[in-house]
Amino acid sequence: MAILVDRDTKLCVSGVTGREGSFHSLNNRDYGTQVVSGVTPGKGGQDVEGIPVFDTFHDAVTETGANTAMVFVPPRFAADSILEAEDAGIDLIIAITEGIPAHDELRVYNHIRRGSSRLIGPNCPGILSPGKANVGIIPAAFFSEGNVGLVSRSGTLTYQIGNELAGRGFGNSSIVGIGGDPVPGSSFIDVIELFETDPETELIVLSGEIGGDAEEQAAEYIGEHVTKPVVAYIAGFTAPPGKTMGHAGAIVSGSKGTAAAKAEALEARGVRVGRTPTEVAEIAVALVTDPT
Amino acid sequence: MAILVDRDTKLCVSGVTGREGSFHSLNNRDYGTQVVSGVTPGKGGQDVEGIPVFDTFHDAVTETGANTAMVFVPPRFAADSILEAEDAGIDLIIAITEGIPAHDELRVYNHIRRGSSRLIGPNCPGILSPGKANVGIIPAAFFSEGNVGLVSRSGTLTYQIGNELAGRGFGNSSIVGIGGDPVPGSSFIDVIELFETDPETELIVLSGEIGGDAEEQAAEYIGEHVTKPVVAYIAGFTAPPGKTMGHAGAIVSGSKGTAAAKAEALEARGVRVGRTPTEVAEIAVALVTDPT
Amino acid sequence: MDLLEYQGKQLFRKHGVPVPDGQPAKTVEEAVAAADDLGYPCVIKAQVLIGGRGKAGGIKLASDRREAEQHAGAILGMDIRGFKVHQLYVEVASEIEEEYYAAFVFDRSAKKPMAMFSTRGGVDVEEVAETDPEAMRMVHVDPLIGFQEFHARRLTFEAGIAGDLIRPVGALLASLYEAFVTEDALLVEVNPLLVTKSRDVVALDAKVTIDASALYRHPDLQEFRSEEGMDPQERMARERGLTYVALDGNIGILGNGAGLVMSTLDVVAQAGGEPANFLDAGGGSKAEAITQAVEVILSNENVAAVLFNIFGGITRCDEVARGLLEALDEIDSTVPFVVRLDGTNDKEGRALLAEADLPNLHPESTMLGAAKKVVELAG
Amino acid sequence: MDLLEYQGKQLFRKHGVPVPDGQPAKTVEEAVAAADDLGYPCVIKAQVLIGGRGKAGGIKLASDRREAEQHAGAILGMDIRGFKVHQLYVEVASEIEEEYYAAFVFDRSAKKPMAMFSTRGGVDVEEVAETDPEAMRMVHVDPLIGFQEFHARRLTFEAGIAGDLIRPVGALLASLYEAFVTEDALLVEVNPLLVTKSRDVVALDAKVTIDASALYRHPDLQEFRSEEGMDPQERMARERGLTYVALDGNIGILGNGAGLVMSTLDVVAQAGGEPANFLDAGGGSKAEAITQAVEVILSNENVAAVLFNIFGGITRCDEVARGLLEALDEIDSTVPFVVRLDGTNDKEGRALLAEADLPNLHPESTMLGAAKKVVELAG
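This is a predicted model, so every value here is computed, not measured.

## Remarks on the pattern of salt bridges
All names here are of chain A.
Here's step 1: As enumerated under the stated definition, the model contains 76 salt bridges over all chains in all.
Here's step 2: Its salt-bridge partner being Arg-113, residue Asp-190 comes within 2.9 Å of it at the nearest N-O pair. Residue Asp-190 is located in helix α6 (residues 188–197), and its partner Arg-113 is located in helix α4 (residues 102–113); the two are separated by 77 residues in the primary sequence.
Here's step 3: A relative accessible area of 10% means that Asp-190 is categorised as buried.

If you want it as structure tokens, here you go:
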């Protein structure tokens, strides 16, 4: 088993005819993912090396039974594409696009959240379930099947940590990049909840960074609901404090958003926090060798 | 038992200091309803014959534990008041106000429907559970406790039918006016679902009228999900066809919206339809005497 | 509240829906001046709240001033299916390449706005929808997120329009939705939606219905309120804030609440009578409103008997009785009134009527009994 | 993208948020002309993207032309907490009766906009929120239904403002929300929100942050983009579309992806080094972008060694290697480069570097190893 994407994933790619879109669609298909269709308005009827292209998601779903969408269109079109995928009844929407305006993300989030579809991203590297399916831009060659569930706000940092784990013999059940935007469609908590019930996942690794309070919220959730061991990493201990002009943000968050505060919140709930990606892997080894 | 309002109802009335609002609030309290508070912005701290008034629903809920709202404010303010009640965590919102703009109703409906609150109305007479609670403007003196659940789009027609039933010895579990507006917060189906599971209700009476397809939808639902006997009445067999300008409406509804079409849909699902309010009561008697 | 074509187009312009240039005119002189101003050829269009203007000769092409004058003269004052033409619209003539159909309407069933589009416009679209349902594309719009670009793409791609029209038609649909929402319309319909020879997209007609409940926030729309096509009783009733619909029979009907009034019509019809009107006095009517309602009913000379059917909730029966007695006092009519009062303060109301003891007042205790009685009295 | 006060107020005006009359000025002459035009007394305000202007002497009341000239001259060119004053705003002086606080901001935690209001404005509201949390009223707004009248009522009634101010403050909040959404702001903050002696309500200050990702749909806002307060490397980086933040150390850092770069800073710090910058080359960087990034890093004279830490996903390691080699070819620098390449096309990338065989190029195979190496080389 794995979470979110697996052998039953039937992927439809929005922006499949674009340069990056076609490259990664074919890459995902080469990995074994069922890439059943793509959407590019005005290019319906064409195909990308055998992947049929439709004008709308609705046509793509009707004709190819797609249940998962990957959104690869430029930011100007991405919110609309996500909404279209949802309207067409797609269960899981993975938005790779970076730079979607925040108010668009907010509307999309609040709309999707009240329906039955799930959104991962935007501004995320996608999801890899090694040996089963790869949806997105994660370089799959570095990862193999295994029992570590990895969830991360950052793309390349995910690869770094996954790589450190792989170096010590760990494989992954699934690797989920939730994206670094202020309003990710799914949070650490949403993904950790899935790992907790996934029989294949035995260890959960959370990779966070400064800003917001998603890690603090995750810490609380883990303390209350998660029985599996969790190791965390937080990037940005030495990052300079951001220049922010008004005071409203600081008052609302109630959190300093610093790496230290996040690490503290996690450790208070029994989550061990590695100070470097390498240390995360070392903790994972220790936990598996001597689970306490 | 009864549905929606009963002895546990704690009512907060929006517009409690208005002429009609105060009259009916006190009327409802005299009947035995727990009218715990009211809302009129700018009159917080006052009281209406002992009913404390607050500036906001949030204050009223915090201070008096209100779980039900009745909205009695003019149409200009009603949509906002319904949204406020929902935001304050009120479970059941009963909107009496007539003349709320349709686009406001549409937004309110689609918002409320995706949350956990229930809206009855607007443009409805409210809900009476005889012997337990009366929320709204239904003249309670005509009705007594019993086993007929009555749901109606029309206010005064509800009283007429209830009265005919009472004349033949029937009492009511609850009488629910869902209102005659194009976008009622709750449909026949929503209320019939409650009557179906209410142990006190043995017979369901549905009172519809021309326009829309709510009765046709109800007929389908009854055919599939309702085990209790249902009697219906449809007003408007001799009403002149409305003058409508465009064609879009007729194409969209797909239904003629006529009384005959509605009666036919109901009868096709085994619902007996009385041709006059008196006949409804006669059918009810026959059903109870000889339930087939 | 239905708008005339030129009023609808005024709203369209405001929201960026492209329409041909045009000017309203109330006289032949105004029409000719408008035509001169717009240039020839132009189209002279009757402005009435009813369809089928073209077939009835209410839309004419004028290729020069002489024709403009001639057509304007012929159309003004014309009767189109019962509607007299008081108003013209003079519009630049468009060269037609394609005729589409577009509309936004409330779907009461789904409780969402519905967007509609068809490439088979310029004809009776109800028939199109029946005989060729695939030709009418429809998508629901979530009112909380509004009409999105993908909605427009679905409609236009699924309808199979040419690639160069996808964007302009989509933009027109988005503007039309903005008009629909911003102006509190219950319907906006464009038939035909024109593609010109130069591949421009314009709304050649405009059918707009505004939600009367929302007029308070559109002071500019209130001046569009038209009394065209109303009979004298309907106009009187509207002035008094009553809901009145004229019917063909001889029994005046008054009740409180639309459902009860409709039911009363049905019961009277079943008893063999023919109602002369539908009149809903509304909730909480005061004596004065009832008095005015009686005036409206009796101003119809066909009325041979009147039925009052009141079940009081907000409405108090004593107020109704008081209003009725005042009206009869003022009007001095011999038309018989059958009165049934139940509900709030019914005892007081009945007592007032009994006290007045008028020869043409017939109290009844049930709706059915009252219906039978009024049919008998109306003869 | 942060706006200067006068820019924010320009947006406020557009959306109906009341602000005092005022005019921007870039020179003493312009300021005096503006003051003459607005009338005296007026206020001369330094326009800088930093708080605490008043305390720093950047806001002065001028009761006549002489004072206006004097203050404008004194403030222009002033240094306020590291920001040089290039721009003034001359504003009509307001008579202060009350000072409130109002803001809309993204609540990332709840994923909804948050409306904030306090009667304790004109002061450090972060302190207010800490010492007297009840004084800061906050409500979430569902972005799909927007800021409703009830939100405004909650904020104002709960804050306990006087009855006559409920409506004008509520209206100001509604306009402020409109500005927040329509202009794609991440923050709109008014401190103080002024109640004048004549009981008018106006925004006396404006702090607005615009979402840079949304600038494509606000061409009018792009001209507000300011490079004020940026160091030369930051300006160079922005011109090249790179994300660069200057730091105090001597180790140049380049990575792909903000998370990995932050992690690299941490690891270098743990190894005992001090980063000179944060530079995220972004996803999918081409050789040219890498070349430009190297230029930016090396333009900082403090840099004694550079660490490239690349884990390729979209980014291809061979492109990075090519870009780096080109840069070194052009710049002819002796600064040592420690390079760690992993991920997409890493073999090809490493091969290119090996082939070039430059004396100041030090390949490393792990992030930790690379960090240790660069610290060693930087001395």
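## Observations regarding the packing of aromatic side chains
Residue and element names in this part refer to chain D.
Here's step 1: Throughout the structure, instances matching the rule amount to 24 aromatic pairs over all chains.
Here's step 2: Ring geometry for Phe-104 and Phe-147: centres 5.2 Å apart, planes at 90°, overall edge-to-face. Separated by 43 residues along the polypeptide, Phe-104 in strand β7 (residues 96–107) and Phe-147 in the loop between β9 (136–140) and α5 (149–159) bring together distant segments of the chain. For the pair shown, Phe-104 and Phe-147 are each scored as buried.
Here's step 3: Between Tyr-177 and Phe-180, the ring centres sit 6.1 Å apart and the planes meet at 45°, which makes this aromatic pair tilted.

## Re the domain arrangement of chain C
Here's step 1: Its domain assignment divides chain C into domain 1 (21–92), domain 2 (96–224) and domain 3 (232–378).
Here's step 2: For domain 1 of chain C versus domain 2 of chain C, the distance between C-alpha centres works out to 25 Å.

## Some remarks on the state of the cysteines
All names here are of chain A.
Here's step 1: Applying the stated rule across the entire model yields 0 disulfides over all chains.
Here's step 2: A disulfide-free cysteine, Cys-12 has its sulfur positioned 16 Å from the sulfur of Cys-124, the nearest such atom.
Here's step 3: Judged by relative accessible area, Cys-12 falls into the buried class, the value being 0%.

## Description of the domain arrangement of chain A
Residues and elements named next belong to chain A.
Here's step 1: Taken domain by domain, chain A comprises domain 1 (10–120) and domain 2 (143–289).
Here's step 2: The straight-line distance from the C-alpha centre of domain 1 to that of domain 2 is 27 Å.
Here's step 3: Tallying the contact residues gives 7 residues for domain 1 and 10 residues for domain 2.
Here's step 4: Summed over both partners, the interface of domain 1 with domain 2 buries about 880 Å², with 48% contributed by carbon and sulfur atoms.
Here's step 5: Area buried by domain 1 at its contact with domain 2 is led by Glu-105, Arg-118 and Ile-120, which between them contribute 51% of it.
Here's step 6: Our count for the domain 1 to domain 2 interface comes out at 1 salt bridge.
Here's step 7: Inspection of the domain 1/domain 2 interface yields 3 residue pairs in polar contact (both at pLDDT 80 or more).

## A closer look at the environment of Val-338 of chain C
All names here are of chain C.
Here's step 1: The residue Val-338 is located in strand β17 (residues 337–343) in this model.
Here's step 2: Expressed as a C-alpha distance, the spacing of Val-338 and Leu-361, which sit 23 residues apart in the sequence, is 6.1 Å.
Here's step 3: Discounting residues that sit within four places of it in the chain, Val-338 has contacts with Val-306, Leu-307, Phe-308, His-362, Glu-364, Ala-370, Lys-373, Val-374 and Leu-377.

## Here we look at unusual backbone geometry
Here's step 1: Here the amide bond leading from Tyr-40 of chain D into Pro-41 of chain D is cis, since omega sits at 0°, within 30 degrees of zero.
Here's step 2: Assignment of secondary structure puts Pro-41 of chain D in the loop between α2 (28–38) and β2 (42–46).
Here's step 3: The omega angle of the peptide bond from Asn-191 of chain D to Pro-192 of chain D is 10°, so this bond is cis rather than trans.
Here's step 4: As for its placement among the helices and strands, Pro-192 of chain D is situated in strand β10 (residues 185–196).
Here's step 5: We note that Lys-111 of chain C has phi near 60°; this positive angle belongs to a residue other than glycine.
Here's step 6: Within the secondary structure, Lys-111 of chain C is located in the loop between β7 (96–107) and β8 (112–118).
Here's step 7: With a relative accessible area of 10%, Lys-111 of chain C lands in the buried category.

## Details of α5 of chain D
Here's step 1: When you tally the buried positions in α5 of chain D, you get 8 out of 11 residues, the bulk of the element.
Here's step 2: Within α5 of chain D, burial applies to Phe-150, His-151, Ala-152, Arg-153, Arg-154, Leu-155, Thr-156 and Phe-157 of chain D.
Here's step 3: Each element contacted by the buried residues of α5 of chain D is listed here: α2 (57–64) and α3 (75–87) of chain B together with β8 (112–118), β9 and α6 (163–182) of chain D.
Here's step 4: Immediately beyond the C-terminal end of α5 of chain D, within one or two residues, lies Gly-160 of chain D, with a positive phi of roughly 80°.

## Re the side chain of Ser-37 of chain A
Residues and elements named next belong to chain A.
Here's step 1: Along the chain, Ser-37 falls in strand β2 (residues 34–39).
Here's step 2: The class for Ser-37 is buried, based on a relative accessible area of 0%.
Here's step 3: In terms of polar contacts, Ser-37 uses its side chain to reach the side chain of Thr-64, at 2.8 Å.
Here's step 4: When sequence neighbours within four positions are dropped, the list of residues in contact with Ser-37 reads Leu-11, Cys-12, Val-13, Ile-51, Pro-52, Phe-54, Ala-60, Thr-64 and Ala-66.

## What to know about the sheet that holds strand β2 (residues 34–39) of chain B
Residue and element names in this part refer to chain B.
Here's step 1: Strand order in the open sheet formed by 7 strands is β3-β4-β2-β1-β5-β6-β7, with mixed pairing between adjacent strands. Two strands lie at the open edges of the sheet, namely β3 (47–48) and β7 (118–120), each paired on one side alone.
Here's step 2: Relative to β7, strand β6 (residues 92–95) runs parallel, the two being bridged by 3 bridges. Of the residues in β7, the one forming a bridge with Ile-93 is Leu-119.

## Here we look at the side chain of Glu-189 of chain C
Residue and element names in this part refer to chain C.
Here's step 1: With respect to the helices and strands, the residue Glu-189 is situated in strand β10 (residues 185–196).
Here's step 2: For the buried Glu-189, no salt bridge exists, and the shortest N-O distance to an oppositely charged side chain is 4.8 Å, to Lys-207.
Here's step 3: Within the local environment of Glu-189, its side chain forms a polar contact with the side chain of Tyr-101, the two groups lying 2.3 Å apart.

## Regarding the interface of chain A and chain D
Here's step 1: Taken together, the contact pairs 58 residues of chain A with 67 residues of chain D.
Here's step 2: The interface formed by chain A and chain D holds 2 salt bridges in total.
Here's step 3: With a shortest N-O distance of 2.9 Å, Arg-217 of chain D and Asp-104 of chain A are connected by a salt bridge.
Here's step 4: Sorting the residues of the side of chain A that touches chain D by element identifies α1 (19–31), α4, α5 (155–167), β13 (230–235), α8 (248–253) and α10 (277–289) of chain A as the ones contributing at least two each.
Here's step 5: Taken together, the residues of the side of chain A that touches chain D break down into 27 nonpolar, 19 polar and 12 charged.

Rules and cut-offs
- Residues numbered from 1 in each chain as written.
- Chains lettered and ligands numbered in written order.
- Predicted model: local features only at pLDDT ≥ 70, side-chain atom pairs only at ≥ 80, totals over all residues.
- Heavy atoms only, no water.
- Salt bridge = Lys/Arg side-chain N within 4 Å of Asp/Glu carboxyl O.
- Helix = DSSP H or I, 4+ residues; strand = E, 2+ residues; numbered from the N terminus.
- Buried < 20%, exposed > 50% of the residue type's maximum accessible area, 1.4 Å probe, protein only.
- Phe/Tyr/Trp six-rings, centres within 6.5 Å; stacked < 30°, edge-to-face > 60°.
- Domains from an automatic or database assignment.
- Disulfide = S-S within 2.5 Å.
- Contact = heavy atoms within 4.5 Å.
- Buried area = accessible area lost by both parts, 1.4 Å probe.
- Polar contact = N/O pair within 3.5 Å; in protein donor to acceptor, adjacent residues only side chain to side chain.
- Pairing = 2+ DSSP bridges.
- Lys, Arg positive; Asp, Glu negative; His and termini not counted.
- Nonpolar A, V, L, I, M, F, W, Y, C, P; charged D, E, K, R; others polar.

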